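Descriptive analysis of the structure
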Amino acid sequence: MPLRLPDGLPAIDLLKKENIFVMDDTRAHRQDIRPLRIVVLNLMPLKVTTETDLVRLLSNTPLQLEISLMKLKSHTPKNTPVEHMMMFYRDFEVMKKEKFDGMIITGAPVETLPFSEVEYWDEITGIFDWAHTHVMSTLYICWAAQAGLYYHYGVPKYPLEKKMFGVFPQYPLDKQLPIFRGFDDVFAMPQSRHTEIRREDILQRKALTLISESPESGVGMVMARGGREFFITGHLEYAPDTLDKEYRRDKGKRDDVEMPVNYYRDDDAEKEPMVTWRAHANLLFANWINYYVYQETPFNIDEIG
């Protein structure tokens, strides 16, 4: 089934070139199908890139999805044209009476700040609360995972001496969970962060379940509320060249950034990246949509609570 996207969204043309079936609202209105409603709160600086990365993964399902884009009223992005934000995004205040089958909250370039010093902390914690009663299942990614774990469960974050940067092996801790249906014994996850959450803090909280971890990069995924919340510390949604772009952007500008590990062929930054995470990324998003959204959400979306 296709993804249903706002008319004119740049991701439509980009993904059609990859033979991914997407359609705009005009065509979708002709079909008598109750699509799953997925809202994305995109906090990443390069909005179009993140939109495309997420839509690419969400396309790997036989279900029809209606994608909505949410923005914060208390923060104005600096790296995305105002026209794009006005055309495709809506403020949380405008959307807060609606309900959604699924939600994705992305990372944000504010992880070195204490949570209380993030300019939009009050607004985003309001969205966290809203998601509890208005969304069937929510994926929190990278900084959003740290923020959600801190706000809902009091899990602290800790600064790292150097950036956790590269692609690291993750081990599922309960392979019977539907989120890991079809997974191998180990899967790769890109990481790009200056802070961490720790295993012992997760295990101390009975409401949380640590479901994947790495001997190198630590906590990978945490589940809460029976799958109504997933917290993912890395970036399974990343395109093949994203870590390369980040490395070349920061090289020589920061003293805590080294070449991403387990990423370039032969560990040579002059060679192309070796992609090892895309198959499991597609599988994880498909499992989330199928087992934790589609099979759990009520047919009448207003019954979500």
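In what follows, the structure referred to is the one given above.
Residues numbered from 1 in each chain as written. Predicted model: local features only at pLDDT ≥ 70, side-chain atom pairs only at ≥ 80, totals over all residues. Heavy atoms only, no water.

Quick look at helix α6 (residues 121–134) now. The terminal C-alpha atoms of α6, which comprises 14 residues, lie 20 Å apart, in line with the 20 Å expected from a rise of 1.5 Å per residue. Residues of α6 that are buried include every one of W121, E123, I124, T125, I127, F128, W130, A131 and H134, and no others. In this structure, the buried residues of α6 make contact with β3 (36–41), β4 (65–71), α5 (92–95), β6 (100–105), β7 (135–141) and α7 (143–153). (Helix = DSSP H or I, 4+ residues; strand = E, 2+ residues; numbered from the N terminus. Expected span 1.5 Å × (residues − 1). Buried < 20%, exposed > 50% of the residue type's maximum accessible area, 1.4 Å probe, protein only. Contact = heavy atoms within 4.5 Å.)

On to the environment of A224. Relative to the elements of secondary structure, A224 occurs in strand β11 (residues 218–224). What makes A224 buried here is its relative accessible area of 1%. Residues A224 and L210, 14 residues apart in the sequence, show an inter-C-alpha distance of 9.0 Å. When residues no more than four places from it in sequence are discounted, the contact partners of A224 are Y153, A207, L208, E229 and F231.

Okay, the nonpolar core next. Within the largest apolar cluster, 49 residues are counted, with the highest numbers of intra-cluster contacts made by L58, I104, I179, M221, F230 and W288. For this core, the leading source of residues is helix α10 (residues 278–294), giving seven residues. In contact with F230, other than residues within four places in its own chain, are S137, T138, L139, Y140, I179, I211, M221, V222, M223, W288 and Y292. Core analysis: the second largest hydrophobic core is formed by 38 residues, M103, V118, W130 and Y153 among them. (Core = buried A, V, L, I, M, F, W, Y, C linked by side-chain atoms within 4.5 Å.)

Taken as a whole and assessed by the stated rule, the structure comprises 18 salt bridges. In this structure, E98 engages R37 in a salt bridge whose closest nitrogen and oxygen atoms are separated by 2.7 Å. One end of the pair, E98, is in the loop between α5 and β6; the other, R37, is in strand β3, and 61 residues separate them in sequence. Taken individually, E98 and R37 each receive the classification buried, so the pair is uniform in this respect. The shortest N-O distance in the salt bridge between E258 and K162 comes to 3.2 Å. (Salt bridge = Lys/Arg side-chain N within 4 Å of Asp/Glu carboxyl O.)

Looking now at unusual backbone geometry. Although it is not a glycine, R225 adopts a positive phi angle of roughly 55 degrees. By secondary structure assignment, the location of R225 is in the loop between β11 and β12 (229–232). Within the chain, N262 stands out as a residue other than glycine whose phi angle is a positive 55 degrees. Within the secondary structure, N262 is located in the loop between α9 (242–250) and α10.

What follows is about the packing of helix α3 (residues 47–58) against α10. The contact between α3 and α10 brings their axes to 8 Å, and the two run at 70 degrees. One finds that α3 runs roughly perpendicular with respect to α10. The segment α3 lies against α10, with L54, R56, L57 and L58 engaging R278, A281, N282, F285, W288 and I289. Split into classes, the residues belonging to the contact of α3 with α10 amount to seven nonpolar, one polar and two charged. (Axes fitted to C-alpha atoms, helices over the stretch in contact; angles between N-to-C directions. Parallel < 35°, antiparallel > 145°, perpendicular 65-115°, else oblique. Nonpolar A, V, L, I, M, F, W, Y, C, P; charged D, E, K, R; others polar.)

To continue, consider the packing of α6 against α7. Running from N to C, α6 and α7 cross one another at 75 degrees; their axes reach a closest spacing of 11 Å. One way to sum up the angle between α6 and α7 is to call them roughly perpendicular. Along the contact surface, α6 presents W121, I124, T125, F128, D129 and H132, while α7 presents W143, A144, A147, G148, Y150, Y151 and H152.

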